[in-house]
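# Close look at the chain arrangement
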Amino acid sequence: MDKVFLIADSNNNISKTTAKLAAKEGAIIVFTGKNINKLVPVISQIKKNGGRCSAFQHEIDSLKSWQQVTKKITEKYGKIDVLVNAAGISSPKMLLDLSLEDRAKIQAVEINSFIYGLETTLPIMKQNGGGSIINISSIEGLINLGSNTPYEIAKETLHSILSEATLKYSEDHIRINSICPGTIHTPIIETSFPKINLQYKQNVYFPYLGKPEDIANGIIYLASDESSFVTGAKLVINGDRITM
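Structural notes, computed from the coordinates. Every chain begins its residue count from 1, and numbering advances along the sequence as written. Restriction of local features to residues with pLDDT of at least 70 applies here, the model being predicted, together with a cutoff of 80 or more for giving and counting side-chain atom pairs; totals for whole chains, interfaces and linings are based on all residues. Derived side-chain values reflect all non-hydrogen atoms in the structure, with water molecules and hydrogen atoms excluded from consideration.

Take the buried Ala, Val, Leu, Ile, Met, Phe, Trp, Tyr and Cys residues and link them wherever side-chain atoms come within 4.5 Å; each set so joined is a nonpolar core. Only protein chains enter the accessibility calculation, which uses a 1.4 Å probe; a residue is then buried when its area is under 20% of its type maximum, exposed when over 50%, and partly exposed in between. If you look at the biggest cluster of nonpolar residues, it comprises 28 residues, and the most contacted ones within it are Ile73, Phe114, Leu118, Ile133 and Ile176. By the criteria applied, helices consist of DSSP H or I runs no shorter than four residues and strands consist of E runs no shorter than two, each listed in order from the N terminus. Contributing elements (two or more residues each) for this core: strand 1 (4-8), strand 2 (28-33), helix 3 (63-77), helix 4 (100-128), helix 5 (150-169) and strand 6 (174-181). Take this core: its biggest share by element is seven residues, from helix 4. Residue contacts are counted whenever heavy atoms from the two residues lie within 4.5 Å of one another. Once residues within four sequence positions are removed from consideration, Ile176 is found in contact with Phe114, Leu118, Leu122, Ile133, Leu162, Ala165, Thr166, Thr231, Gly232 and Ala233. Membership of the second largest hydrophobic core comes to 26 residues, among which are Ala19, Ile134, Ile184 and Leu222.

This part takes up the pattern of salt bridges. Salt bridge, as used here: a side-chain nitrogen of Lys or Arg that lies within 4 Å of a carboxyl oxygen of Asp or Glu. Under the defined criterion, the tally for this structure stands at six salt bridges. In this structure, the salt-bridge partner of Arg52 is Asp2, at a minimum N-O distance of 3.2 Å. Taken together, the positions of Arg52 in strand 3 (residues 52-57) and Asp2 in the segment before strand 1 put the pair 50 residues apart, joining distant regions of the chain. Look at Asp2 and you get exposed, because its relative accessible area is 54%.

Attention now moves to the side chain of Arg175. With respect to the helices and strands, Arg175 occurs in strand 6. Polar contacts involving the side chain of Arg175 include one to the main-chain carbonyl oxygen of Val230, which spans 3.1 Å. Here Arg175 is in contact with Gly131, Ser132, Ile133, Leu222, Ala223, Ser224, Ser227, Ser228, Val230 and Thr231, once residues within four sequence places are set aside. For the purposes of these results, a polar contact is taken to be a pair of N or O atoms within 3.5 Å, where, inside protein, one atom must be able to donate a hydrogen and its partner to accept one; residues adjacent in sequence count only when each atom of the pair is a side-chain atom.

Relative to each other, helix 1 (residues 13-24) and helix 7 (residues 212-223) sit at 55 degrees, their axes nearing to 8 Å. The orientation of helix 1 relative to helix 7 falls into the category oblique. Along this stretch, helix 1 crosses helix 7, giving a crossing that reads as right-handed. Across from Asn13, Ile14, Thr17, Thr18, Leu21 and Ala22 in helix 1, the residues of helix 7 making contact are Pro212, Glu213, Ile215, Ala216, Asn217, Ile219 and Ile220. For helices, the axis comes from a line fit to the C-alpha atoms of the stretch in contact; other axes are also lines fit to C-alpha atoms, and the angle between any two N-to-C directions lies between 0 and 180 degrees. Note on terminology: angles under 35 degrees are roughly parallel, angles over 145 are roughly antiparallel, angles of 65 to 115 are roughly perpendicular, and the others are oblique. Here a crossing is called left-handed whenever its near helix is offset anticlockwise from the far helix by less than a right angle, and right-handed whenever the offset is clockwise.

The set of residues buried in helix 2 (residues 40-48) consists of Val42, Ile43 and Ile46. Looking down the long axis of helix 2, one finds its buried residues gathered within 100 degrees of arc, a one-sided arrangement. Exposed positions of helix 2 whose direction lies more than 90 degrees from the buried face are Pro41 and Lys48. In this fold, the buried residues of helix 2 make contact with helix 1, strand 2 and strand 3. This arc describes the spread of directions from the helix axis toward the C-beta atoms.

Time to look at the sheet that holds strand 4 (residues 82-85). Taking strand neighbours across the sheet as the criterion, the seven strands line up as 3-2-1-4-5-6-7 in an open arrangement whose pairing is parallel. With partners counted over all chains shown, the strands left at the sheet margins are strand 3 and strand 7 (234-237), one partner each. For this sheet, the mean angle separating the axes of adjacent strands, direction not counted, is 20 degrees. Two strands make a pair as long as DSSP finds a minimum of two bridges between them. Inspection of the sheet shows strand 4 paired to strand 5 (residues 131-136) by four bridges, in the parallel sense. Paired with Val84 across the strands is Ile134, a residue of strand 5. In the packing of helix 2 onto the sheet, the strands contacted are strand 2 and strand 3, and the crossing angle to strand 3 comes to about 160 degrees. Taken strand by strand, helix 3 contacts strand 1, strand 2, strand 3 and strand 4, and its axis lies near 150 degrees from that of strand 3.

Take the packing of helix 1 against helix 2 next. Where helix 1 contacts helix 2, the axes come no closer than 10 Å and their chain directions differ by 15 degrees. The orientation of helix 1 relative to helix 2 falls into the category roughly parallel. Crossing angle aside, the handedness with which helix 1 passes helix 2 is right-handed. Along the contact surface, helix 1 presents Lys16, Ala19, Lys20 and Ala23, while helix 2 presents Val42, Gln45 and Ile46.

Notably, Asp9 is not glycine yet its phi reads approximately 65 degrees, a positive angle. With respect to the helices and strands, the residue Asp9 is situated in the loop between strand 1 and helix 1. Judged by its relative accessible area of 24%, Asp9 falls in the partly exposed class.

To continue, consider helix 1. Its 12 residues place the ends of helix 1 17 Å apart at the C-alpha level, agreeing with the 16 Å of an ideal helix rising 1.5 Å per residue. Taken together, the buried positions of helix 1 are Ile14, Ser15, Thr17, Thr18, Ala19, Ala22 and Ala23. Sitting at the head of helix 1, Asn12 places a side-chain oxygen 3.2 Å from the backbone nitrogen of Ile14. With its phi angle positive at about 100 degrees, Gly26 sits one or two positions after the end of helix 1. For a helix, the expected span equals 1.5 Å multiplied by the number of residues minus one.

Next up, the structure:
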């Protein structure tokens with residue numbers, strides 16, 4: 001997989017795990033995010049193992065920042081083959097309880113960042129003869145889990161945007177897909193899981209939480225040539241929490 005692999009908003013376990021796996025497959029990893037200093041350990045590890053990797057400062061909710069960072073990447077590597085959009089934000093409030101500032105922030109991070117990513121990378125991929133765009137979404141937004149949170153509503157919106165973009169750019173050999181994880185073992189879940197364990201067990205048949213590697217493997221598949229006929233998909237990786 002000799003591809004330039006852009007992971008936007010990279011400072012999370014799923015992004016880092018994806019980067020390590022993709023680097024092993026021969027991809028050139030490009031991290032972007034607000035605080036790239038936190039990525040130094042994973043960058044060092046990838047390079048130590050013979051991988052190619054770099055990082056760029058990036059405000060994912062700014063179109064200007066997207067324009068700047070994609071320009072730097074193409075100047076350095078000549079192309080962008082894969083975009084993994086890992087941006088996400090949640091809120092404990094329900095939709096009608098949000099302030100205007102809360103709503104603006106959720107829209108900026110969840111929705112605008114994805115649109116800006118499409119606007120800036122699609123022309124690059126089109127010129128290069130194709131590419132793969134992968135949005136890390138959630139099972140929330142696919143079905144009603146009874147929460148009706150702003151996060152769930154934002155994910156529903158993203159699925160609609162993805163469907164429209166898929167139809168428009170398929171003829172350019174650009175594939176646009178979503179990964180929809182269930183509950184994944186992360187540092188946050190590590191501390192909160194004892195409290196939600198009983199509820200989780202009522203909804204999931206698997207005896208363990210999902211691992212970042214479970215999601216990363218799905219991302220690698222959608223980025224690879226083995227998925228060349230897959231577009232518009234919402235790949236559910238959820239340990240039987242829901243059935244489609």
